Amino acid sequence: MKRILFLFLIMTSMTVVAQESIPQDTTLYLNGRKVVIKERDGKIKVKMYEAKAENDTIENTQVFEGVYLDGRSIERTTTVSVPFVKKKKGYYRFDPHYPAIYFGFNKLANSTFQYSAKVPQLGSKSWEWGINMFNTGVAITRDNHWGLTTTLGLARIVYKLDDNYGFEKIDGITVCRQADDVDYQKSWLRYWAFRLPVSLEWQTKFGSRRAFIAAGPEIEWRVGVKSRAKYDNKKHTLSDKLNTHPLGMNLLLQAGYGCLGFNARFALTSLFEKNKGPELYPASIGIGWYW
């Protein structure tokens, strides 16, 4: 409340003396924070940044933006979060939630929003893990309980197959078939993925911790796709050109309390190109540690 009153007084004084010798752009330093005031076309914009005087703050991170125009004030809060950096206590601020690290079990489902395998798959040994290096979000309601968030992450995905099956490319078509001339000790499909989600998130405090629910689309860029098998006590590559889509679209669902959360991911597009491989949709259910 004191911050809002202080900014209101600044904006009012700027309106009164706008035609005098005060410059249009002004930078102030107050209580360890930087306040930037700009006037353009009759509109006064005030931005507040965290200073870098303390170890637990991030240099030049915008924490408040207010616009004063025709007697009306518009406020916006923006948050950037990185692992292992403490968050300041105070008024309720919007903090985006994505796991710093997560682990889940995978299935190659028959269609979107299913978690059932169409291929002979070892569900207990099909897994993924991933990390998110940073996240950011912006509140879209005045009480800071609703907001839009995003992050950039890296994941490792592995699907283990059963019954001597493996993915191979035959006459330009990817198939999942049973080997008849060799016994696989194990076989699997694996790849890396860069993930960029955008989520609508709701959050609130219960006691001293936050509860949150989030959902939204996610773009996935797949690299290093390979089908491999182990036989004769050696690992062999069955194929590394499997007609997979390099880009995929997922639906990401998240919910959690404090630093513990759960996530589910359902592919909206097939893993393989149409008419060049089986129609399979990756899905996963997992748990994550949220900073």
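For the structure, check the block above.
Reference entry: report on the structure contained in this document. (Residues numbered from 1 in each chain as written. Predicted model: local features only at pLDDT ≥ 70, side-chain atom pairs only at ≥ 80, totals over all residues. Heavy atoms only, no water.)

### Side note on the overall build of the protein chain
Scanning the protein chain for helices and strands turns up one helix and 17 strands. Sequence-distant contacts in the protein chain: of pairs separated by 6 or more residues, those separated by 24 or more amount to 62%. Accessible area of the protein chain: about 16000 Å², with a carbon and sulfur share of 57%. (Helix = DSSP H or I, 4+ residues; strand = E, 2+ residues; numbered from the N terminus. Contact = heavy atoms within 4.5 Å. Areas by Shrake-Rupley, 256 points an atom, 1.4 Å probe, with all protein chains shown as cover.)

### Observations concerning the environment of Gly130
Inspection of the secondary structure assignment puts Gly130 in strand E8 (residues 127–139). Gly130 gets classed as buried once you look at its relative accessible area, which sits at 0%. With 64 residues separating them along the chain, Gly130 and Phe194 place their C-alpha atoms 9.4 Å apart. The residues contacting Gly130, other than those within four sequence positions of it, are Ala100, Ile101, Tyr102, Leu154 and Ala155. (Buried < 20%, exposed > 50% of the residue type's maximum accessible area, 1.4 Å probe, protein only.)

### Details of the pattern of salt bridges
Pairing is possible between side chains of opposite charge, provided their charged atoms come close. This structure, assessed with the given rule, holds nine salt bridges. Salt-bridge contacts for Arg177 lead to Glu168; the nearest nitrogen and oxygen are separated by 3.1 Å. On the basis of relative accessible area, Arg177 is assigned to the partly exposed category, the value being 36%. Counted as one network, the salt bridges with shared partners bring together Glu128, Arg195, Glu218, Glu220, Arg222 and Arg265. (Salt bridge = Lys/Arg side-chain N within 4 Å of Asp/Glu carboxyl O.)

### Side note on the pairing of strand E7 (residues 99–109)
Burial runs high along E7: eight of the eleven residues are buried. As judged from the ten bridges shared by E7 and strand E17 (residues 281–290), these two strands associate in the antiparallel manner. Residue pairing in the sheet places Phe105 in a bridge with Ile285 of E17. Relative to E8, E7 is paired through five bridges, and the arrangement is antiparallel. Across the sheet, residue Gly104 finds its bridge partner in E8, namely Glu128. (Pairing = 2+ DSSP bridges.)

### Things to note about the side chain of Asn263
In this fold, Asn263 is placed in strand E16 (residues 260–267). Other than its neighbours up to four places away in sequence, Asn263 contacts Tyr102, Leu252, Leu253, Gln254, Ser284, Ile285, Gly286, Ile287, Gly288 and Tyr290.

### Notes on the nonpolar core
A general feature of soluble globular proteins is that nonpolar side chains tend to end up buried together. Counting residues in each nonpolar core, the largest one holds 16 residues, and the members touching the most others are Leu108, Phe167, Leu189, Tyr191 and Phe272. Counting only elements with at least two residues in this core, the list comes to E7, strand E9 (146–161) and strand E12 (186–206). Broken down by element, the residue count for this core peaks at four residues, all from E9. With sequence-adjacent residues up to four places away left out, Leu108 is seen in contact with Ser116, Ala117, Lys118, Val119, Gln121, Tyr159, Phe167, Leu271, Leu280, Tyr281 and Pro282. (Core = buried A, V, L, I, M, F, W, Y, C linked by side-chain atoms within 4.5 Å.)

### Brief notes about the packing of aromatic side chains
This structure, assessed with the given rule, holds eight aromatic pairs. Ring centres of Trp129 and Trp192 lie 5.9 Å apart, and the angle between their planes is 90°; this geometry places the pair in the edge-to-face category. Of this pair, Trp129 sits in strand E8 while Trp192 sits in strand E12, and the two are 63 residues apart along the sequence. Overall, the relative accessible area of 29% leaves Trp192 in the partly exposed class. Taking NZ or CZ as reference, Lys107 lies 5.1 Å from the ring centre of Tyr115, over its face. Lying across the ring of Trp188, Lys186 places its NZ or CZ 5.6 Å from the centre. (Phe/Tyr/Trp six-rings, centres within 6.5 Å; stacked < 30°, edge-to-face > 60°. Lys NZ or Arg CZ within 6 Å of the ring centre and 35° of its normal.)

### Regarding the pairing of E16
In terms of residue burial, E16 counts as a mostly covered element, since six of its eight residues are buried. Note: strand E15 (residues 247–257) against E16, eight bridges, orientation antiparallel. Residue pairing in the sheet places Leu251 in a bridge with Phe266 of E16. Counted along the chain from E15 to the antiparallel partner E16, the turn is two residues long, and its residue Gly258 has a positive phi close to 65°. By the bridge criterion, seven bridges tie E16 to E17 in an arrangement that is antiparallel.

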